[in-house]
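# Observations on chain architecture
Spelled out from the first residue to the last, the chains are:
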Amino acid sequence: MTKPTPEPSSPKTPKPNLSDQALSRLRAEAKAPYRGVRQFLYLAFAASALIGGWVFCFKVLAGENLSSTVLSLALQVGVFTLMVGLFRWEQRKP
């Protein structure tokens, strides 16, 4: 007597025990890793540049060492503009 050969079993993927909302958040994180961290850093650096710009603006008004103060103010404005632009660009991504 011959023994019947077992049929190859197809591996079944286990159904995740996650809600639809949790699963969609995980998929979004897989598409854009660390998006929340990047957005937080953009806002933190923009806030820092805004505070720095405020300080350098008053230094310019006081007339304190205008050559370096104006350059520092321009740098702070540029950093603030860049961070706001990056944050908005990050928001538009799907």
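Summarised in this report is the structure supplied together with it. Here the structure is a predicted model, which means the values were calculated and not measured.

Moving on, we come to the overall build of the protein. When helices and strands are tallied, the protein shows 3 helices and 0 strands. What you see in the protein, going N to C, is helices and strands ordered as α-α-α. Within the protein, the proportion of its 94 residues that are buried is 14%. A fraction of 62% describes how many contacts in the protein between residues 6 or more apart in sequence connect residues 24 or more apart.

This next bit is on helix H3 (residues 66-92). An α-helical turn contains 3.6 residues, so a residue and the one three or four places further along point in the same direction. With 27 residues, H3 extends 39 Å from end C-alpha to end C-alpha; this agrees with the ideal 39 Å at 1.5 Å per step. Along H3, the residues that are buried comprise Thr69, Gln76, Met83 and Glu90. On its buried face, H3 is in contact with helix H2 (35-62).

Here Thr69 shows up in helix H3. A polar contact of 2.7 Å, which involves the side chain of Thr69, links it to the backbone oxygen of Glu64. Each residue touching Thr69, except ones within four places of it in the same chain, is listed here: Phe56, Lys59, Val60 and Glu64.

This part is about the packing of H2 against H3. Interaxial distance between H2 and H3 falls to 8 Å at its minimum, and their mutual angle equals 155°. Considered as vectors, H2 and H3 are oriented roughly antiparallel to each other. The two elements H2 and H3 meet at a crossing, and its hand is left-handed. By residue class, the composition of the contact of H2 with H3 is 17 nonpolar, 8 polar and 4 charged.

Another aspect to go through is the side chain of Gln76. On the secondary structure map, Gln76 appears in helix H3. Owing to a relative accessible area of 18%, Gln76 belongs among the buried residues under this scheme. Those residues within four positions of Gln76 in sequence are excluded, and the remaining contacts are Ser48, Ala49, Gly52, Gly53 and Phe56.

Any two side chains of opposite charge can pair, so long as their charged atoms come close to each other. In this structure the tally under the stated criterion is 3 salt bridges. In this structure, Glu90 engages Arg38 in a salt bridge whose closest nitrogen and oxygen atoms are separated by 2.8 Å. Linking Glu90 in helix H3 with Arg38 in helix H2, this pair joins segments that are 52 residues apart in sequence. Residue Glu90 is classed as buried on the basis of its relative accessible area of 2%. Between Lys59 and Glu64 there is a salt bridge, with the nearest N and O atoms lying 3.9 Å from each other. Accessibility expressed as a relative area gives 29% for Lys59, which makes it partly exposed. The exposure class assigned to Glu64 is partly exposed, which follows from its relative accessible area of 43%.

Thresholds, definitions, all that
- Residues numbered from 1 in each chain as written.
- Predicted model: local features only at pLDDT ≥ 70, side-chain atom pairs only at ≥ 80, totals over all residues.
- Heavy atoms only, no water.
- Helix = DSSP H or I, 4+ residues; strand = E, 2+ residues; numbered from the N terminus.
- Buried < 20%, exposed > 50% of the residue type's maximum accessible area, 1.4 Å probe, protein only.
- Contact = heavy atoms within 4.5 Å.
- Expected span 1.5 Å × (residues − 1).
- Polar contact = N/O pair within 3.5 Å; in protein donor to acceptor, adjacent residues only side chain to side chain.
- Axes fitted to C-alpha atoms, helices over the stretch in contact; angles between N-to-C directions.
- Parallel < 35°, antiparallel > 145°, perpendicular 65-115°, else oblique.
- Left-handed = near helix turned anticlockwise from the far one by under 90°.
- Nonpolar A, V, L, I, M, F, W, Y, C, P; charged D, E, K, R; others polar.
- Salt bridge = Lys/Arg side-chain N within 4 Å of Asp/Glu carboxyl O.

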